[in-house]
Amino acid sequence: MMAKESEDEDQITDVVSHAEMRAMLWGRQREKNVSDNSMSSKADDQVTSYRAERPTSLSEEWKELKRLRSTDGTPENLNMGPPKTHTKGSVWKNFVALCTGLMLAFMSFLPLRNIQTSIFSDYYLGTISLGLIYGSFVIGCMISPWLVQNARPKGLILLSLISHVFFVTSNLFPSFWTLLPMSVLFGFFQAPLWSVQELLIGSYGTSYSTITGIRIERSIHQFQSVFVVFCHTAQILGNLMQSITLRFDDNYSHAKIPTEKNHITICNNSSMCQEEFHVTYDGDFGQKFMRYFAEDFEKLDYLQILKLFYLCLACCSVILIGCCLRKPDIIINKRKTPFWDKICDVSSFFRTKTFLMLGLLMTFTGMQQAIVISDVTKMYGTNTLGLGMIGYIMMCYGTSQLAMLLIIEKLQKRLKPVVFVLKGFLVTQGLLLVLYIWEPRSDSVYSILGFMSLWGAVDAVWQSQVQGILVSSAARKEPAVICYRVCQGVGLCVVFFSSIVLSLLYKVCLIGSTLVLGVIGYLVMEVSNNPVTPQENRAFSV
């Protein structure tokens, strides 16, 4: 009996590769007509009562593959149906629809995030909003594996994109009762969005691999690289549109309303605002849009126009994903795990040696991003060059970040990660020192742009190297990636909330010390994983 099963397995292996077998089992490839008539006739009586379940072991995968091959052409096999993404064109169509929809959503969020602390400075509303976004993101990361397992991927993407719409709308009517709840909702749904997009990209890469015959690792890597380009393009284009729009009016003055304590100032700190008059958002949530076109308004409110444009982008992303993204060719909710078991499974990584050694370094990657968003944009942008220059500053940041990622991709095989980490450590400490002691003037435009470009390049080094080191050192990838996002979110929250009570000096010291301890932990892990063995003493020779 065992010999007969091994012969069947060998016969199947000759027809399809192991990758193709898995793709067929998970619904990623059209079932091929390779079964003979004798096998089909024997399986006719068993088809009607069989229910497809995800195999839990390799032997069951062979049995499932034999059943799929033997039931080809039967009514049930037609009901199971081939996936819609069974050609190269359909795979790329769905992938481009996913990337374009998410790019439009990121274009509506990233530029607004960069100016939150500048336009909502009263009562630290913008800072608290950012802290709540990433605080709820941390909670969402812990729950996202269970959500992804029990929900449809397209539904989770649409929910996340709808939260983009709500967040941008709350920026049109900013108050503690509108902006903060929407920030919590928005941050929470960002976690399952990133998990689902990773799963979909893996699915598209596997489908493309089975169709073209290239290696699965290379195929998935190609799709991931294209997605990264789309993400950074969103940051570049969104910030460019922000600066182009806001630079139409240097003062951003559309109304002269006396400043009161319950108003939220959105005035450019470097503009010619009178002491008794500030550009403010006056009124509650129900304020009418027509007030922006009243007779006593000398100019249009370009900031509000920009927010409306971002709202249109967010709505377009929802429509594009809803209409153009077909039902993904994967079924996520196969083996359902109870909620608490899934949380414990994710939390188990926090007790590993890898986390203990890399935890502070992962947290630092979020902290250095937070100080750029909250402090650098306000100090070098709003307070020095004006609110309209923040877009150009962050555009240089994102462009150099993308360029450095492409350079690292070429140098990754030639240089070890420790080389990137040590060089990034030295450059980052220098940037933090310059951030504290340098007070640029309004004519230091090119110096500020160069400073931000260098910071963007260093950020790319940290993001790529820390995540690569973590994934290569961890036994399981999914908990490791979730842990990385949780640590990043914690670092962002720490800096945002500490901005309320700490000065720039203390924040720079906090981030610098975290980096020092994180690099020490990484070096200890590197030495323990790759111990240096002493060489034997060689005989002296002339």
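Residues numbered from 1 in each chain as written. Predicted model: local features only at pLDDT ≥ 70, side-chain atom pairs only at ≥ 80, totals over all residues. Heavy atoms only, no water.

Visitor: How would you sum up the nonpolar core? Please name residues and give values.
Guide: Ranked by size, the top nonpolar core spans 105 residues in total, and within it Ile157, Met362, Ile371, Leu435, Met452, Trp455 and Trp462 carry the most contacts. Excluding residues within four positions of it along the chain, isoleucine 371 makes contact with Val376, Leu435, Trp455, Val495, Leu504, Val508 and Ile511. Grouped together as the second largest cluster of nonpolar side chains are eight residues, Phe137, Cys141, Met142 and Val346 included. (Core = buried A, V, L, I, M, F, W, Y, C linked by side-chain atoms within 4.5 Å. Buried < 20%, exposed > 50% of the residue type's maximum accessible area, 1.4 Å probe, protein only. Contact = heavy atoms within 4.5 Å.)

Visitor: Explain the packing of aromatic side chains to me, using residue names and the numbers behind them.
Guide: In the structure shown here, the tally under the stated rule is 22 aromatic pairs. With a centroid separation of 6.2 Å and an interplanar angle of 85 degrees, the aromatic rings of tryptophan 194 and phenylalanine 227 are classed as edge-to-face. One end of the pair, tryptophan 194, is in helix H10 (residues 179-212); the other, phenylalanine 227, is in helix H11 (residues 216-246), and 33 residues separate them in sequence. Residue classification places tryptophan 194 among the partly exposed positions, given a relative accessible area of 27%. Exposure remark for phenylalanine 227: the relative accessible area of 5% places this residue in the buried category. Through pairs of rings, three or more aromatic residues link up here, namely Trp92, Phe95, Tyr204, Tyr208 and Phe223. (Phe/Tyr/Trp six-rings, centres within 6.5 Å; stacked < 30°, edge-to-face > 60°. Helix = DSSP H or I, 4+ residues; strand = E, 2+ residues; numbered from the N terminus.)

Visitor: Explain the packing of helix H16 (residues 417-437) against helix H17 (residues 445-473) to me, using residue names and the numbers behind them.
Guide: Put simply, H16 and H17 touch, their axes get as near as 9 Å, and they point 145 degrees apart. The interaxial crossing formed by H16 with H17 has left-handed handedness. Contacts from Pro417, Phe420, Val421, Gly424, Phe425, Val427, Thr428, Leu431, Leu432, Val434 and Leu435 in H16 reach Phe451, Leu454, Trp455, Val458, Val461, Trp462, Gln465 and Ile469 in H17. For the contact of H16 with H17, the residue count by class is 16 nonpolar, three polar and no charged. (Axes fitted to C-alpha atoms, helices over the stretch in contact; angles between N-to-C directions. Left-handed = near helix turned anticlockwise from the far one by under 90°. Nonpolar A, V, L, I, M, F, W, Y, C, P; charged D, E, K, R; others polar.)

Visitor: Mind laying out unusual backbone geometry, listing which residues take part and the relevant values?
Guide: One non-glycine residue, tyrosine 123, lies in positive phi territory at about 60 degrees. As for its placement among the helices and strands, tyrosine 123 is situated in the loop between helix H7 (116-119) and helix H8 (125-150). Given the relative accessible area of 47%, tyrosine 123 is considered partly exposed. Backbone geometry places tyrosine 124, a non-glycine residue, at a positive phi of 55 degrees. Along the chain, the position of tyrosine 124 falls in the loop between H7 and H8. For tyrosine 124, a relative accessible area of 40% puts it in the partly exposed group.

Visitor: Could you give me a rundown of the pattern of salt bridges, with the residues and numbers involved?
Guide: Evaluation of the coordinates by the stated rule reveals five salt bridges. Between lysine 507 and aspartate 375 there is a salt bridge whose closest N-O contact spans 2.6 Å. Here lysine 507, found in helix H19 (residues 504-529), pairs with aspartate 375, found in helix H14 (residues 353-385); they are 132 residues apart in sequence, far enough to count as distant. Accessibility expressed as a relative area gives 4% for lysine 507, which makes it buried. (Salt bridge = Lys/Arg side-chain N within 4 Å of Asp/Glu carboxyl O.)

Visitor: Describe helix H12 (residues 302-324), naming the residues involved and giving the relevant values.
Guide: Its 23 residues place the ends of H12 32 Å apart at the C-alpha level, agreeing with the 33 Å of an ideal helix rising 1.5 Å per residue. All buried positions along H12 are accounted for by Leu303, Gln304, Leu306, Lys307, Tyr310, Leu311, Leu313, Ala314, Ser317 and Ile321. Where the residues of H12 are buried, they touch helix H6 (88-114), H7, helix H9 (153-172) and H11. (Expected span 1.5 Å × (residues − 1).)

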